[in-house]
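Report on the structure
If you want the building blocks of each chain, they are given just below.
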Amino acid sequence: MSAPTGDDGSAMPVTIRLDSQQFQVAAANPTGMEKTVALTFLLGLAGFAGFGAAFWVNASNVWLGMTLGVGFLGLGVGMVAWGKYLMPRGPFSESRHSMVPEPADRERIIGDFSSRGKVVIERRTFLLKILGAAGAVFGVVAMFPLIRSLGPVPTDFSIATTWRPDSLLVNIDGSPVHSDSLEFGGMLTVFPEGDVGGPLSQTMLIRQQPPAGETHIVTGPGRETWGPLGYLAFSKVCTHAGCPIGLYQQVTHQLLCPCHQSLFDVGPGQAAQPVFGPAPRPLPQLPLYVDAHGFLRAQAPYDEPVGPGYWYRGND
Amino acid sequence: MRLLRRFLLPFAVLVVAATLGTFVLGREHVAASSPAMQNPGMKLADSSSLTAQGEIEAGRILFTENCSACHGVEAQGSAPGAVLTGPSLHGVGGATVNLWLTEGWMPLRTSETQPAAKPVVLTPAQINDIVAYVVSLAPGGVPVPSSVPLRGASPAEGFFMFSLNCAPCHTITGAGDALASGVHAPGLHASTSLQVLEAIRTGPQNMPRFGPGTISNQQALDVVDYVTKYIQHPTNIGGIGLGEVGPVAEGFVGLFVGVGVCLVAAYWVGDRTAREEDDHGHDEDDAQGEGGDGHGQNVLTAATETAVADV
């Protein structure tokens, strides 16, 4: 069955009575629901009052948040329940005329579109050219601050740590590292003297027991002198994404990066070879020696870039 | 469908409450089973419950009963090829023995990569005796600290050293974490000040050994002070620490509890109240059923249909 229509095709207004469904409230028990809503409003009131009290006595954030939350919750639930259950159910329809225009209007609109207006708009090409020139200059000039604000041309900064030949190894508090500072199985974060806290130059110093009868730990060919008295120094910057590698497991001889769990083997003869995780290349090793006073120094800077990238190096 | 809708809200509330409950109650349970809380003789963060001089002879008897099967009758280590293996304890130092016994790592229950912390079955006096016996066998190693003077310690300096040296493995909240090769860094919430100091100095198993050349004595006490104060008594301003494991737990609660509650609330707010179905068999689904582009008008048409039917 369809809605009744008038002569012009539009829907006729429909008469509804006061006892029709739309005017009834949705709640089956309106007085009970009203009591419930009143209770939630009272709960909200109590919540807000509680917030005031909690604020007055400088209570903890938990109390402040809970009371405020309960206050808003009470008010919100009450208002929504009021709207859902205690208001006339609706819906109330309002019919409107047909959207199709009158035939006479239709003809007129079509005529206007076809003739595309009787008024001619003159193209002012001269003005357009000047405007174009100004816009072009603006486009070029707008690039200037953008290009300059991109900063200096990137150099190979990760290659140049602040380690130099004969750099003294220092602790985070600036004190030099002596050859008996670390126990066997110990670890220390060290920096070159003069750059304490330097993020690129941070180095993980560990000490292991050299093989029986030897004074040095050799991690690979050409590195026979790099590990005096069991000291090994590796770059603390992970070759995956640059997190500082602060985890050293002394029995399993592993350096673990906390970010993505790249695992580097620093066991006998191993030069921080990645054995697990996303790191693509071993950690660069800093060659060490013990100077005349017994302090640890670097023979030379790292022989390869530190940190992420350069994945084609160091892997054979 | 009506049944599901009727019970959706209470069910959702139940799920939320259960989730919150596991976080709040589960954490308490874990903490209660730690060795320091099980053993009545040990007090948390107490610097005065230190080891007294033990009896060497009593220690020898206890060692023979509990330890010699793996470590040898004179703690010389197990014989090569033995079924039960244990390293030599000569020169390990009293602090190592005291730490491993008070943490419940020893006696070993089963062969495992990293000994688990078990309830301590030895009394503090018995532990002192065993320590005294092992120390008497050979010199060397770190002795049991005679005191842990925390007066004047700087928790700020302790926090600095902790975040540099300890937090990578034990996490910044001291909750502990899994590491590589079956190793894990235990949580720090149940350790006494003596245990923390001994662990720093002896470097148990895979933990690095931080001697005085790396962390000075005062710095070690600062770390102990920070751990026993701020790690073990977190402020948890928000109310629930969620195990202090970080953003994963917080994200879980934020999404499942927070956004979940918002979803349920939004559903309830927007849900059109059900009409009486017995009158003409129309549910409100029928009114919304004709989607399409002119749904406004269709709803009106359908509404007028039913209104007309009523009249």
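Residues numbered from 1 in each chain as written. Chains lettered and ligands numbered in written order. Predicted model: local features only at pLDDT ≥ 70, side-chain atom pairs only at ≥ 80, totals over all residues.

1. What to know about the overall build of chain A
Counting its secondary structure elements, chain A contains four helices and 11 strands. A compact globule built from 316 residues should have a C-alpha radius of gyration of about 20 Å, whereas chain A, at 40 Å, is more than 25% larger. Overall, the C-alpha framework of chain A stretches about 110 × 75 × 45 Å when taken along its three principal axes. Nonlocal contacts in chain A, meaning residues at least 24 apart in sequence, comprise 54% of its contacts between residues at least 6 apart. (Helix = DSSP H or I, 4+ residues; strand = E, 2+ residues; numbered from the N terminus. Rg over C-alpha atoms; globule rule 2.2 N^0.38 Å. Contact = placed C-beta atoms within 7 Å.)

2. Quick look at helix α3 (residues 56-66) of chain B
For α3 of chain B, the complete set of buried residues consists of Gly59, Arg60, Leu62 and Phe63 of chain B. Buried residues along α3 of chain B sit against α4 (68-71) and α6 (124-137) of chain B. (Buried ≥ 20, exposed ≤ 12 C-beta atoms within 10 Å, placed from the backbone.)

3. Points about the sheet that holds strand β2 (residues 187-192) of chain A
Residue and element names in this part refer to chain A. Here we have five strands laid out as an open sheet, ordered β1-β2-β3-β4-β9, and antiparallel in their pairing. Looking at the sheet topology across the chains shown, the edges are occupied by β1 (169-170) and β9 (285-286). Here strand β3 (residues 203-207) runs beside strand β4 (residues 231-235); their pairing, made up of five bridges, is antiparallel. Its bridge partner lying in β4, Ile206 is registered against Leu232. (Pairing = 2+ DSSP bridges.)

4. Re helix α5 (residues 94-102) of chain B
Residues and elements named next belong to chain B. Where burial is concerned, most of α5 is hidden: nine out of the nine residues are buried. Buried-residue contacts for α5 involve α6 and α8 (193-202). Of the residues flanking the end of α5, it is Gly104, one or two places downstream, whose phi is positive at about 85°.

5. Section: the sheet that holds strand β5 (residues 247-249) of chain A
Residues and elements named next belong to chain A. As summarised here, the arrangement of the four strands in space is β5-β6-β7-β8, forming an open sheet in which the pairing is antiparallel. On the outer flanks of this sheet lie β5 and β8 (273-276), each paired with one strand and no other. On average, adjacent strands in this sheet sit at an angle of 30° to one another, irrespective of strand direction. Pairing analysis gives three bridges linking β5 to strand β6 (residues 254-256), with the strands arranged antiparallel. Within the sheet, the bridge partner assigned to Tyr248 lies in β6 and is Leu255. (Axes fitted to C-alpha atoms, helices over the stretch in contact; angles between N-to-C directions.)

6. Here's the deal with the domain arrangement of chain A
In terms of domains, chain A is made up of domain 1 (25-85), domain 2 (104-148) and domain 3 (160-316). Relative to domain 3 of chain A, the C-alpha centre of domain 1 of chain A lies at a distance of 61 Å. (Domains from an automatic or database assignment.)

7. Here we look at unusual backbone geometry
Between Met106 of chain B and Pro107 of chain B the backbone carries a cis peptide bond, its omega angle lying at -5°. Along the chain, Pro107 of chain B turns up in the loop between α5 and α6. Backbone geometry places His253 of chain A, a non-glycine residue, at a positive phi of 55°. With a phi angle near 55°, Ala272 of chain A is a residue other than glycine that sits in the positive phi range. Among the structural elements, Ala272 of chain A can be located in the loop between β7 (263-265) and β8. Under the C-beta neighbour-count criterion, Ala272 of chain A is labelled buried, with 26 such atoms within 10 Å.

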